[in-house]
Amino acid sequence: MCTVGGPVDIEFDEGLKAKSYKCKDCGGSFSSLGKNVRCPTCGSDNCVPT
């Protein structure tokens, strides 16, 4: 999506909740939405829900 000017107006479904994950490579913990989760610290996709 491309926008020019003002802010983007997006409505989020309040039923969405982030899940907690732990990276098996660097040990970092984080929350994320979606199916293809990647660690924000090291970029690994070797993450498991906690």
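Just above, that's the structure.
Residues numbered from 1 in each chain as written. Predicted model: local features only at pLDDT ≥ 70, side-chain atom pairs only at ≥ 80, totals over all residues. Heavy atoms only, no water.

Asker: Help me out: how do you make sense of the overall build of the protein chain in this one?
Answerer: Scanning the protein chain for helices and strands turns up zero helices and three strands. Helices (α) and strands (β) of the protein chain occur, in sequence order from the N terminus, as β-β-β. Relative to its 50 residues, the protein chain shows a buried fraction of 18%. For the protein chain, the exposed area adds up to about 4,400 Å²; of that, 49% sits on carbon and sulfur atoms. (Helix = DSSP H or I, 4+ residues; strand = E, 2+ residues; numbered from the N terminus. Buried < 20%, exposed > 50% of the residue type's maximum accessible area, 1.4 Å probe, protein only. Areas by Shrake-Rupley, 256 points an atom, 1.4 Å probe, with all protein chains shown as cover.)

Asker: Can you help me understand the environment of Arg38 in this one?
Answerer: Structurally, Arg38 is set in the loop between strand S2 (29–32) and strand S3 (47–49). The exposure class assigned to Arg38 is exposed, which follows from its relative accessible area of 52%. When the C-alpha atoms of Arg38 and Lys22 are compared, they prove to be 10.0 Å apart, with 16 residues separating the residues in sequence. Setting aside anything within four residues of it in sequence, one finds Arg38 in contact with Phe30, Gly43, Ser44, Asp45 and Cys47. Within the local environment of Arg38, its side chain forms a polar contact with the backbone oxygen of Gly43, the two atoms lying 2.6 Å apart. (Contact = heavy atoms within 4.5 Å. Polar contact = N/O pair within 3.5 Å; in protein donor to acceptor, adjacent residues only side chain to side chain.)

Asker: Sorry if this is basic, but what is going on with the packing of aromatic side chains here?
Answerer: Scanning the entire structure with this criterion turns up one aromatic pair. With 5.9 Å between their ring centres and 20 degrees between their planes, Tyr21 and Phe30 make a pair best called stacked. By relative accessible area, Tyr21 is classed as buried at 10%. On the basis of relative accessible area, Phe30 is assigned to the buried category, the value being 11%. (Phe/Tyr/Trp six-rings, centres within 6.5 Å; stacked < 30°, edge-to-face > 60°.)

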